[in-house]
Amino acid sequence: MERNAACVIAKHDVHDWLAHILDRREIIAPTRAANGDEIFARITSPGEVLWTFENPLGPLKQFLLPQTEPLAHFKTVDGHVAVEAARIPAERVLFNVRSCDATGLAFLRQMYARDLPDDTVERRAAALTVVTLACTMPCPLGFCPCTDAGPFLRKDYDLQLTDIGTALHVEVGTDKGRALLDLSPHLFRPADEEASARRTTAEQTALASFGDETCHFASAMRRISTHRVAEGLWEAMSPWCLECGACTHLCPTCYCFSVSDAPATDGCSTRCRLWDSCQYSAFTMEASGHNPRHASRERIKRRFHHKVSAQYFRRDGRVGCVGCGRCVKACMGTTDMPTVVAAIRHGTWDGGRIHA
Amino acid sequence: MHLRGDGEGFLCVEPSESHPVSEGRLCARGWAASDATRWSERLLTPQVREGGALRPASWNEALGVAVQALTSLRREGRPLGVLGSGRATNESNFLAVTLARSALGTGHVDAGLRDGYQALLPPRLRTSELASPDTDFRRLEQTDVVVLVEGDVATTHPRVAMAILRVLRRGGHLITLGRRRTKLSRVASVSLAMHDEARRPILHALRCTVIDTMRGTYAVAAGAAPSALERAAALMAPARRAAFVLAPFDADTAVLQATAAEVTRFADDLVASGAGAPLMLPLPIRANTRGALDMGAVPDALPGRFPLDDAGARDRLRTLWGGEPCFTTGRPAAEMLGAVSGLVVVADDPLSFDAWPSRAAAQLAALTSLVVLDSYATPTARAAHVVLPIAAFGEEEGTLTNLEGRVQRWRPCVDPPPNVRPAWLVLSDLLHGLGARFAPRTLEAVEQGIRTAVPSIDAMRNEAPVPETDAPARDAAPRWLLRRDGMFDWADDALVTASPILRRDAASARRLYPNGVVMMNADDAGSLGVREGWRVRLHSSMGEADVPVTLRDELERGVLMVPFAHRDRLAAVSGAAAAIEVSVTCV
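The model shown is predicted, which means the values in this text are computed figures rather than measured ones.

> Just to check I follow, could you spell out the overall build of chain B for this structure?
Counting its secondary structure elements, chain B contains 24 helices and 24 strands. Relative to the 2.2 N^0.38 estimate, which gives 25 Å for 587 residues, the radius of gyration of chain B is 24 Å and therefore close to what a compact globule would have. Expressed as lengths along the three principal axes of its C-alpha atoms, the size of chain B is roughly 80 × 55 × 50 Å. Across the 587 residues that make up chain B, the buried fraction comes to 56%. Partitioning the contacts of chain B with sequence separation of at least 6, the portion at a separation of at least 24 is 74%.

Put into structure tokens, the structure is as follows:
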């Protein structure tokens, strides 16, 4: 069998495979919290993993770029300051990751590897193995086909699983993924023609299920990049943003951060990286007190210029959105990605009103 | 909300999709909840004051010093007080009330910022109605017209703002009454100033116009453009159901009470005119203000909001607490600091909300004994004689009561620091040291005690009515009114001060104006010949001060607004008054 050829595993063998992985690695997977929410969390037994779920609202990026990330500890010893790098978690498997989130993780890695590579992110990324579960049905608010981030992936995964009935079709993306199969080689067999055909059918069915709905990024990008968005549009939508920061905190591709030193306890201080939000008023405040984006409309404008303009598309190779739909679900107002993109295209803002 | 922690501590929060109120949303302060355990200056060990300075002590020593001081003061017959908090759990507030009325024999018990919430409760809106679905956000979202009396609800109460935006998305209407231009006033169908040109409350005029329109006794003159009041009336008259949302927009509780009373009259008139009963939604400042009130952290009621003379409530408390508890009316928080010799403060910082913090600081310094239970080194904790460090958010279990009346349970995601204890346990230790019979050793026992004292939410309907008062009449409009902005500075909220991200804005503003600032309408500034940052001299009956101005288009004319954070800088002109007439001259 070709080393990275696709293979299949019977569904009744999956628990054994997960048990073998659990013996050696930590597994983060969608599971059910005490209150019934579906969340990504560390599992302790194979039975805790969810196989039918909507993508959890909590972003997977916290396992690559935590909301609060200790970077280094400082301690004064004998008059000298000793610096110790923060602990990076041992090898982790992110299991049953949705395609949009895997794309988001790849986007963040790319971002933090550019210019001055970030060692902490690189080390965290190196310790992660990403096993995706291809989406055979669209999630209610997702629009990943518009952002080339799903429902099936061509890259950005270590293993891609597809539900093909009584078995899972497994595509190997990297050696890290192959290593997970090597933990239980007896459970996998090469994918035959029927299995491959079922996988292809599943992808076509999933894509067709999205219908004709699309987010029209290209149209919005043309308008933004050719300065055809009236300033009044941003002004009109700004009261509908309550500046909670959820869109940036939950977005798989938002990477802005701030760095702050936590107060010392026991003589040890910790330098941390924290998620920041371009929608917070002090995000661009300067030391003089001047704030170039004091008004909410300026901050919203900046966010969508960054997400959708051709300038960043050329640099990043994609729009700054993976179509996961989290901003639609979490926005306290209505300034989520699809609503704003529609407003940019139409040149009018109606507050996301529900029209009968 | 899900809290995540690991060996590095409490690191992350996530919204809960299934929560019936938040529905997967968090406001900025919610997102910053994990910061409080790391970036605030934590209290990590008990401390006692010795030789004018605080020094570390063991738990036994610190509790012993506190118990001895409180016992001595009680024996000498000197007044004692206890401050609960809307930042503390129901269990801690209940034990704080137990400490006051049972162990210390005092009626001086309250919770900071409680009075601002209670003043907003319409007189006839009793607890049982508060617990009804009327205060459910989903019901609010189904209304046709929302009348919002606000400070800036999008900033202070984003979940409420979200519900109002949903009303607009469905095609409903919003009428705002306020003193500045806010996000919600910008999307409102009609935005009204709080007062007309003669400084008469506009709410009264709105009520008269709406009711007269509904009764057909008033109509817009033919050919005339309708006024803002007439447009508002045209929206409200045909509405099947309206909602009144009342935010603590003023620092003066009498003004809040008058507004609540006017809203009640408005509601009565709507019903009498054939409309559906409107929803009422008064908003508290602190997350658990309602819980503190329900647990009895109020000087004129017992747990369950029973009147002090309610025989059944008294009997239940005698059975639970033993002996004869104190059933007398005490002083509210605003008066307590200057009226007692010994004070126990649970999870709060009175200096952050007192109208005159420098005076309050002097009053704290004059106390014979100040015992502070807190997670953070607040100014009040620094002034204490005994500091007892308690667990922070995410470190202890307990319940909170949200403004819908839902009792929510919080579970810890990380352990508290090694020498830090849950607040309820520390209060229980104090009760035990003071010889109280009810000194529960488990959280379950505390909750059983609450169930004994407050048998059911249905029984919590005997709230003492808020007296109706009218807004003070004014014969003539003063030239300038210097007004304190609100009842609390959200930059002093623990979730903001502890967040490196959220505190930047306020910190920069305070650095820019270290000696205070007043906000002035830009047109007023133009007529005075004053520009941004220039200084003006304010003169009142109390004194005068020079202060820079910052210009705001959204302010009503003739009003100078003092940001709550700068209130002490203007104390020479305003004292502790919420509003005062002043003259203004250029410097």
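That was the structure; now back to the text.
> Mind showing me how you'd approach the overall build of chain A here?
On a plain count of helices and strands, chain A comes out with 12 helices and 12 strands. The C-alpha atoms of chain A give 22 Å as radius of gyration, which agrees with the globular expectation for 356 residues (21 Å, within 12%). Seen along its three principal axes, the alpha-carbon backbone of chain A occupies a region of about 70 × 65 × 40 Å. A total of 356 residues make up chain A; the buried ones form 45% of that total. By sequence separation, contacts in chain A at least 24 residues apart represent 73% of the contacts at least 6 residues apart.

> When you look at the packing of helix α15 (residues 311-321) of chain B against helix α20 (residues 443-453) of chain B in this model, what are you seeing that I'm missing?
How two helices sit against one another is set out by the angle between their axes and by the gap between those axes. Residues and elements named next belong to chain B. Look at α15 against α20: their axes get within 9 Å of each other, and the N-to-C directions meet at 155 degrees. One way to sum up the angle between α15 and α20 is to call them roughly antiparallel. Residues Arg316, Leu317 and Leu320 of α15 touch α20, and the partners they reach there are Gly449, Thr452 and Ala453. Its residues placed into classes, the contact of α15 with α20 shows three nonpolar, two polar and one charged.

> Where do I start with the domain arrangement of chain B in this structure?
Frequently, the measure chosen for interface size is the accessible area removed from exposure when the parts meet. Assigned domains of chain B: these are domain 1 (42-113 + 287-459), domain 2 (121-282) and domain 3 (480-586). For domain 1 of chain B versus domain 2 of chain B, the separation of C-alpha centres amounts to 37 Å.

> Where do I start with helix α4 (residues 90-103) of chain B in this structure?
In an α-helix, one turn spans 3.6 residues, which is why side chains three or four residues apart end up on the same side. Taking 1.5 Å of rise per residue, the 14 residues of α4(B) would be expected to cover 20 Å, and the 19 Å separating its terminal C-alpha atoms lies within 8% of that figure. Burial analysis of α4(B) places 14 of its 14 residues in the buried class, which makes it a mostly covered element.

> It is not clear to me how the interface of chain A and chain B should be interpreted in this structure. Could you clarify?
Of the residues lining the interface, 41 residues belong to chain A; the matching set on chain B comes to 38 residues. Examining the composition of the side of chain A that touches chain B, we find that five residues originate from one element, strand β11 (residues 257-265) of chain A, more than from any other. For the side of chain A that touches chain B, the class distribution of residues is 19 nonpolar, 17 polar and five charged.

> It is not clear to me how the confidence of the model for chain B should be interpreted in this structure. Could you clarify?
Predicted coordinates in areas of low pLDDT are best not read in detail. All names here are of chain B. On average, residues of chain B score 87 in pLDDT, and 93% of them reach the 70 mark or higher. This stretch, residues 126-133, has a pLDDT under 50; its non-local contacts, to residues over four places away or in other chains, come to 16 contacts. Within the model, pLDDT remains below 50 along residues 457-478, and this stretch shows 46 contacts once partners closer than five positions in the same chain are excluded. Complex prediction metrics read pTM 0.87 and ipTM 0.92.

> Can you walk me through the pairing of strand β1 (residues 7-10) of chain A in this structure?
Residues and elements named next belong to chain A. Note: β1 against strand β10 (residues 188-190), three bridges, orientation antiparallel. Bridged to valine 8 within β10 is arginine 189. Strand direction decides the pairing type here: β1 and strand β9 (residues 167-172), joined by four bridges, are antiparallel. Within the sheet, the bridge partner assigned to cysteine 7 lies in β9 and is valine 170.

> It is not clear to me how the sheet that holds strand β19 (residues 480-484) of chain B should be interpreted in this structure. Could you clarify?
The strands making up a sheet associate through hydrogen bonds between their backbones, and the pairing can be parallel or antiparallel. Residue and element names in this part refer to chain B. Read around the barrel, six strands follow the order β19-β23-β20-β22-β21-β24 and close on themselves; strand pairing throughout is mixed. Direction aside, neighbouring strands of the sheet carry axes that sit 45 degrees apart on average. Pairing geometry for β19 and strand β23 (residues 559-562), over four bridges, is parallel. Residue leucine 481 lies in a different strand from β23, and its bridge partner there is valine 559.

> I keep staring at the domain arrangement of chain A and nothing clicks. Help me out?
Residues and elements named next belong to chain A. When the domains of chain A are assigned, the result is domain 1 (7-208) and domain 2 (217-346). Spacing between the C-alpha centres of domain 1 and domain 2 amounts to 26 Å. Taken together, the contact pairs 33 residues of domain 1 with 26 residues of domain 2. Secondary-structure elements contributing two or more residues to the side of domain 1 that touches domain 2 are β4 (68-77) and α2 (99-113). Counting residues per element, the side of domain 1 that touches domain 2 draws most heavily on β4, at nine residues. Looking at the side of domain 1 that touches domain 2 residue by residue, the classes come out as 18 nonpolar, 10 polar and five charged.

> Teacher, can you tell me more about the pairing of strand β5 (residues 80-85) of chain A here?
Regular strands place side chains that alternate from one sheet face to the opposite one. All names here are of chain A. Among the six residues of β5, zero are classified as buried, and the element is accordingly described as predominantly exposed. Of the pairings in the sheet, the one linking β4 to β5 comprises six bridges and is antiparallel in character. The residue bridging lysine 75 from the neighbouring strand is alanine 82, located in β5. Between β4 and β5, which pair antiparallel one after the other, the connecting turn spans two residues, and aspartate 78 there sits at a positive phi close to 50 degrees.

> Looking at this model, I keep getting lost on the environment of A:Ala82. Mind explaining?
All names here are of chain A. Relative to the helices and strands, alanine 82 resides in strand β5. Judged by the 11 C-beta atoms lying within 10 Å of it, alanine 82 is exposed. Residues alanine 82 and cysteine 268, spaced 186 residues apart in sequence, show a C-alpha to C-alpha distance of 9.5 Å. Discounting chain neighbours no more than four positions away, the residues touching alanine 82 are Lys75 and Val77.

> Is there a simple way to think about unusual backbone geometry in this case?
Geometrically, the link from A:Gly150 to A:Pro151 is a cis peptide bond, its omega value of 5 degrees lying close to zero. Looking at the element boundaries, A:Pro151 is found in the loop between β7 (128-133) and β8 (159-163). The residue B:Leu113 is not glycine, and still its phi comes out positive at about 70 degrees. Tracing the backbone through its elements, the reader meets B:Leu113 in the loop between β6 (109-111) and α5 (114-120). For B:Leu113, a count of 25 C-beta atoms within 10 Å translates into the label buried.

About the criteria used
- Residues numbered from 1 in each chain as written.
- Chains lettered and ligands numbered in written order.
- Predicted model: local features only at pLDDT ≥ 70, side-chain atom pairs only at ≥ 80, totals over all residues.
- Helix = DSSP H or I, 4+ residues; strand = E, 2+ residues; numbered from the N terminus.
- Rg over C-alpha atoms; globule rule 2.2 N^0.38 Å.
- Buried ≥ 20, exposed ≤ 12 C-beta atoms within 10 Å, placed from the backbone.
- Contact = placed C-beta atoms within 7 Å.
- Axes fitted to C-alpha atoms, helices over the stretch in contact; angles between N-to-C directions.
- Parallel < 35°, antiparallel > 145°, perpendicular 65-115°, else oblique.
- Nonpolar A, V, L, I, M, F, W, Y, C, P; charged D, E, K, R; others polar.
- Domains from an automatic or database assignment.
- Expected span 1.5 Å × (residues − 1).
- pLDDT = per-residue confidence, 0-100.
- Pairing = 2+ DSSP bridges.

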